[in-house]
Amino acid sequence: MNETAQIGGELASNTQSPLDDCFHCGLDATGVGIRERVGAKLREFCCNGCLQVAKYIYSAGLEAYYDKRSESRPGVVPQALADKLIIDENADFIRAVGDGKEATLIVKGIHCAACIWLIEHVVGAVAGVETVRVNFSSHKLYIKWSPQATTLKVIIDKLGSLGYEAAPFTDQARDELLEKRRSALLIKMIVAAFGTAATVFFADGLYAGFFWGIEDGFRDFMQWASLVVAVPVVLFSSSIFVKGAYVGLKHRSLTMDLPVALGAIITLIYSSWATFAGRGDVYFDSACMFVFLILLGRYFEAAARRKALAESSNLQALEVNTATLIAGGERKRVATTTIKVGDIIEVAPGEVIALDGTIIQGRSTIDESMLTGESRPLGKAEGGLVYGNTINIDGSLRIEVLKIGADTAFSSIKRMVEDAQLGKARIQRIADKVASYFVPLILIIAAGTFVYWSFYDLSNAVVYSVAVLIITCPCALALATPCAILAGCGAAAKKGILIKGAEVLENACKATVVLLDKTGTLTQGKMTVEGVFIDVSSDALPVDQAEVLRISASMEVRSEHPIGKAIVKKAKLRSSELYKSSEFKAIPGMGLVGSLLETPEFLALSGQDAEGKVVSISGVTELTVYIGNEKLMRENGVVVSSDLYDRQRELSSRAISSVYLAIGPGATSGKSRAVAVISVSDPVRAESASLIKELGLMGLKTIMLSGDNKETAEAVASRLGISRVISEVMPQDKEEVVKKLRAEGEVVVMVGDGINDGPALAAANVGMAVGSGTSLAIESADIVLLNSNPRMVGEALAISRSVYSGIKQNLWISLFYNLLFIPLAAMGFVVPVVAAIVMPLSSLIVIGNSVRAARKGLRVKDLKI
Amino acid sequence: MGDLIAVFFIGVLGVVHCAAMCGGLMTACAMRFGGKGIKPTIGFSFIYNLARISTYAAFGLLMGVLGKALIKIGLLTEFQTMMPFIAGAVMVLIGIDLLGLMPKGAKKYTSRLFPAHLLGRVSRAGGNRKYLSAAIMGLVNGLIPCGMVYAVGAKAAATGEPLSAVLIMAAFGLGTFLPLVFGVALAKGLAGVKTAGFTYVTSLIIIVLGVKTMYMSFMGM
């Protein structure tokens with residue numbers, strides 16, 4: 001708000017220059033767009049002349065003139081201008097991140113790679129700007145700045161001074177911009193096509209004359225007619241190139257527009273001269289035609305780019321704008337933006353759920369494929385969480401809204417995908433650098449071509465050098481990387497694979513080792529009780545399975561341990577009554593010890609031990625209970641029958657974890673005694689084995705990380721075909737494992753569930769979080785797999801490889817293209833018209849190859865989950 | 001001779017167009033050094049404008065030399081007629097611009113070569129010496145980017161003769177002389193007057209002269 005007031009104040013005090021009139025001469029300056037800070041205030045000028053004069057007057061210390069002058073020219077409060085410039089620093093497209101703020105803008109006027117370079121350098125140099133990234137394909141600018149040091153207005157003004165217009169990015173703004181560009185291109189193209197038709201018609205006569213002779217008068221007429229048509233046509237149609245070239249030159253960077261503009265203008269000037277002079281050949285038809293063809297190429301390129309963009313932004317396809325709000329018992333259709341957290345909305349069958357929330361009434365199956373890529377619908381009932389932009393298939397639901405706007409899962413995923421596309425890979429920075437040397441090199445080659453051929457034939461010299469100017473195409477070079485990344489990340493996102501950027505792709509395909517965290521990645525991450533084995537030796541206590549679970553659950557009910565949770569869950573399925581218990585003592589690495597404050601039923605009912613002797617237990621107020629591994633039993637002197645011991649060993653060898661339940665003295669004569677073994681396991685996901693096989697085929701080493709004991713871990717590993725296991729790893733040690741592997745020179749991909757292995761994911765070259773779109777995972781991982789199918793790990797790596805090789809192919813294609821055609825053009829084998837056909841083709845090939853690479857990467861076409 | 005008269009009138013009529021700009025500048029200078037009353041102001045203006053025209057003449061000399069050099073180079077490549085041809089085209093474009101037919105945004109892209117701050121400091125060199133300051137500031141005024149000066153400069157270059165080029169620029173400068181000497185008064189007097197009519201005539205003269213230059217370039221062959 002401060003900022004707003006300040007801008008308003010500045011303009012309001014600037015009463016010398018009425019709205020949109022030149023500050024110096026007072027003439028109308030509407031639409032000229034020359035706005036500069038002179039005398040510490042932003043002022044409008046009608047032309048650069050006036051601007052310079054004003055600067056000069058201030059520098060010469062003569063500014064008193066303006067003060068005097070203003071007395072006779074009372075100012076108008078420039079309300080409209082003030083409105084135009086106000087940028088509310090609290091607008092909702094500006095997001096706060098930590099101390100800084102970030103926003104995504106759409107930038108108008110980006111022509112080529114040099115523009116990107118220019119914007120990133122100049123805006124990046126503004127004090128307070130932390131990050132600035134521009135995407136060539138989508139014309140999106142991501143900016144992060146510190147609000148203490150600068151404001152978005154300063155940044156937008158800076159962009160304006162470079163000749164670019166910036167506006168908040170919305171899908172609508174993007175579409176409008178694309179549409180505008182498209183129609184502008186189309187009109188210019190149509191005009192050029194008309195010019196081409198007309199001049200070719202005239203040229204026909206001229207060419208015929210070249211062979212069979214033509215009367216001078218007639219020839220003159222044809223040439224003049226061509227000139228009259230071609231000059232306005234070429235000037236109009238090539239204006240986008242000329243403008244682009246000019247803006248580039250002004251900022252001392254040579255853009256791709258320059259050679260094209262030069263080619264068009266030189267041809268035009270030469271032909272006009274030939275017409276006036278009445279000698280030499282005219283090339284009006286060529287000029288029109290190549291302008292037409294290059295425009296056509298750009299048009300196709302824009303269309304292809306739009307398609308690539310559409311592939312990447314299918315996340316938008318489902319966005320819903322309205323929802324049914326239940327307020328005061330009435331249904332009301334409202335815009336989603338007006339809904340607040342805590343509101344109740346109703347979602348009819350077949351409708352898209354608008355926002356994240358909890359189901360408070362009804363049950364349904366829900367298709368979450370747009371979020372997770374998982375094609376199987378999920379059943380959800382009251383209390384279940386549902387996410388915005390997913391489809392409610394068959395039931396009517398009432399939902400209490402939990403998250404709105406930018407906080408929803410969908411929004412954060414979308415933002416991540418978009419940010420990823422703005423990132424820049426090392427390889428692209430190299431390509432950008434090469435491209436920046438490209439244009440000057442081409443100008444030199446063209447000049448050389450001209451000088452060389454002018455010794456022989458001036459007319460040929462012009463034609464050949466123009467061909468060189470037109471045929472060269474750093475566009476392909478500049479497009480190679482962003483296009484492949486855009487298509488690749490987009491295609492991956494469709495499958496629920498979120499890749500955080502170009503750098504990640506690059507690292508992922510250099511990987512040598514894949515570290516897989518067992519729990520939650522290769523397994524389902526949910527411990528379940530598999531079996532309860534009662535001691536059947538002759539002197540065992542008379543317990544049954546239900547009782548074992550009930551006693552164990554009574555102790556474990558307050559436990560956070562996954563095994564404890566599994567036991568409690570299982571017990572609750574059978575009977576909900578638990579015994580009263582005291583606080584327990586957890587012994588890390590072993591288990592727990594606690595006391596029951598009630599006499600268990602089996603003892604109370606039977607009242608006798610296995611041998612038929614009645615044991616007095618009525619006086620027992622506390623019964624010690626041990627739940628844990630063999631070590632716990634041993635250290636507490638618990639008697640374990642050989643039957644139970646064998647059972648436990650056998651489970652271990654099958655990769656199944658187990659715990660003993662032992663009951664302390666008081667229930668038995670003297671010693672504590674193990675009464676049962678409870679086996680728990682975390683089922684291995686069905687697809688884990690095929691993932692390991694796949695990674696092997698890709699030439700990657702796999703290592704499994706597990707907190708289990710060596711035996712269990714190795715059993716799981718051998719079943720999956722993993723050769724190396726690092727077992728008994730505590731969560732906090734995972735990071736160390738990653739670091740050690742990296743120190744050994746490996747490029748490590750760490751795959752985890754993103755919940756307790758954040759540091760390890762961050763320490764790896766590539767951290768991959770499986771099966772969750774939580775903000776935690778999104779923050780710590782480089783690749784997020786929204787789907788929990790382990791095969792997506794392989795999929796993600798395959799896409800990275802395929803996109804990266806697509807990038808390399810693209811760079812080679814454009815290099816080869818330029819190396820082949822530039823010499824040909826310089827030698828005079830390529831006429832400008834052919835050059836104009838070949839040049840856009842090279843760009844189209846690069847775009848096509850990118851889309852192909854992205855599609856190839858997705859080998860698992862239909863996931864069976 | 002016909003051309004000289006034409007550029008003279010470009011000057012006379014053109015001043016009306018740019019009285020607001022150069023007139024403003026001159027007024028700014030005169031306010032500081034001109035003193036009160038008509039006489040001292042006229043004296044200041046006289047020196048100031050004489051200096052300004054000197055700059056034009058010097059610019060003409062430069063253009064003439066440049067034109068001659070280009071034509072000499074052009075002879076080697078059969079391009080000798082290109083230079084006047086391009087110069088004529090530049091004049092036509094400037095004429096169209098003066099008519100206001102160029103897209104408005106295009107003005108943004110015209111020359112920014114004028115080193116305003118540097119010259120601003122230079123012009124303080126005269127200190128409080130009235131006539132010296134007038135001379136320095138007049139010389140600087142001659143350098144201010146101006147479409148008309150460039151149009152006539154192109155014409156001067158097209159002659160390909162340094163001497164003719166100086167004459168052309170001087171004739172133009174003389175055309176602007178008298179009106180600008182009274183520029184202060186003129187600027188005020190014109191405040192409410194429609195200047196469009198004058199501008200059209202100026203622009204048309206420039207365009208006609210440009211086309212003629214283009215055409216004549218081939219007649220000379």
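Computed from a predicted model, the values in this text were never measured in an experiment.

> Let's hear about the sheet that holds strand β16 (residues 397–403) of chain A: which residues, and what values?
All names here are of chain A. Spatially, six strands are ordered β9-β8-β10-β16-β11-β14 in an open sheet, and the strand pairing comes out antiparallel. Looking along the sheet, the strands with just one partner apiece sit at the ends: β9 (330–335) and β14 (385–386). With two bridges joining them, strand β11 (residues 356–361) and β14 adopt antiparallel strand pairing. Bridge pairing links G357 to V386 in β14.

> If you had to explain helix α3 (residues 82–98) of chain B to someone new, which residues and values would you point to?
All names here are of chain B. Relative to the 24 Å expected for 17 residues at 1.5 Å per residue, α3 spans 24 Å between its end C-alpha atoms, a close match to the ideal helical length. Taken residue by residue, α3 has M82, M83, P84, F85, A87, G88, M91, V92, I94, G95 and L98 as its buried positions. G100 occupies a position one or two residues after α3 and carries a positive phi of about 85°.

> How would you summarise the confidence of the model for chain A if you had to cite specific residues and measurements?
All names here are of chain A. Mean pLDDT over chain A works out to 75, with 76% of the residues at or above the 70 mark. Within the model, pLDDT remains below 50 along residues 606–619, and this stretch shows 18 contacts once partners closer than five positions in the same chain are excluded. Within the model, the stretch residues 860–865 combines pLDDT values under 50 with 17 contacts to residues more than four positions away or in other chains.

> If you had to explain the packing of aromatic side chains to someone new, which residues and values would you point to?
All chains considered together, the criterion is met by nine aromatic pairs over all chains. Arranged with centres 5.5 Å apart and planes meeting at 90°, the rings of Y452 of chain A and W453 of chain A form a pair that is edge-to-face. Since its relative accessible area comes to 45%, Y452 of chain A is described here as partly exposed. What makes W453 of chain A buried here is its relative accessible area of 18%. When the centroid spacing of 5.6 Å and the interplanar angle of 45° are considered together, the rings of Y56 of chain B and F172 of chain B count as tilted. Of the two residues, Y56 of chain B sits in helix α2 (residues 38–76) while F172 of chain B sits in helix α7 (residues 162–181), which places them 116 residues apart along the sequence. Both residues of the pair, Y56 of chain B and F172 of chain B, belong to the buried class. Of note, K188 of chain A hangs over the ring of F236 of chain A, and the distance from its end group to the ring centre comes to 4.9 Å. Over the ring of Y579 of chain A we find R550 of chain A, and its NZ or CZ is 4.2 Å from the ring centre.

> Which residues make up the nonpolar core, and what are the values?
The tendency in soluble globular proteins is for nonpolar side chains to be buried as a group. Residue and element names in this part refer to chain A. Core analysis: the biggest nonpolar cluster contains 67 residues, and V234, W273, F290, V291, I294, L295 and I470 have the highest contact counts within it. Here this core takes eleven residues from helix α15 (residues 458–471), the largest share from any one element. When sequence neighbours within four positions are dropped, the list of residues in contact with I470 reads F290, I294, P832, A835, A836 and M839. Within the second largest apolar cluster, 48 residues are counted, among which are A480, A492, L691 and A798.

Criteria and thresholds
Residues numbered from 1 in each chain as written. Chains lettered and ligands numbered in written order. Predicted model: local features only at pLDDT ≥ 70, side-chain atom pairs only at ≥ 80, totals over all residues. Heavy atoms only, no water. Pairing = 2+ DSSP bridges. Helix = DSSP H or I, 4+ residues; strand = E, 2+ residues; numbered from the N terminus. Expected span 1.5 Å × (residues − 1). Buried < 20%, exposed > 50% of the residue type's maximum accessible area, 1.4 Å probe, protein only. pLDDT = per-residue confidence, 0-100. Contact = heavy atoms within 4.5 Å. Phe/Tyr/Trp six-rings, centres within 6.5 Å; stacked < 30°, edge-to-face > 60°. Lys NZ or Arg CZ within 6 Å of the ring centre and 35° of its normal. Core = buried A, V, L, I, M, F, W, Y, C linked by side-chain atoms within 4.5 Å.

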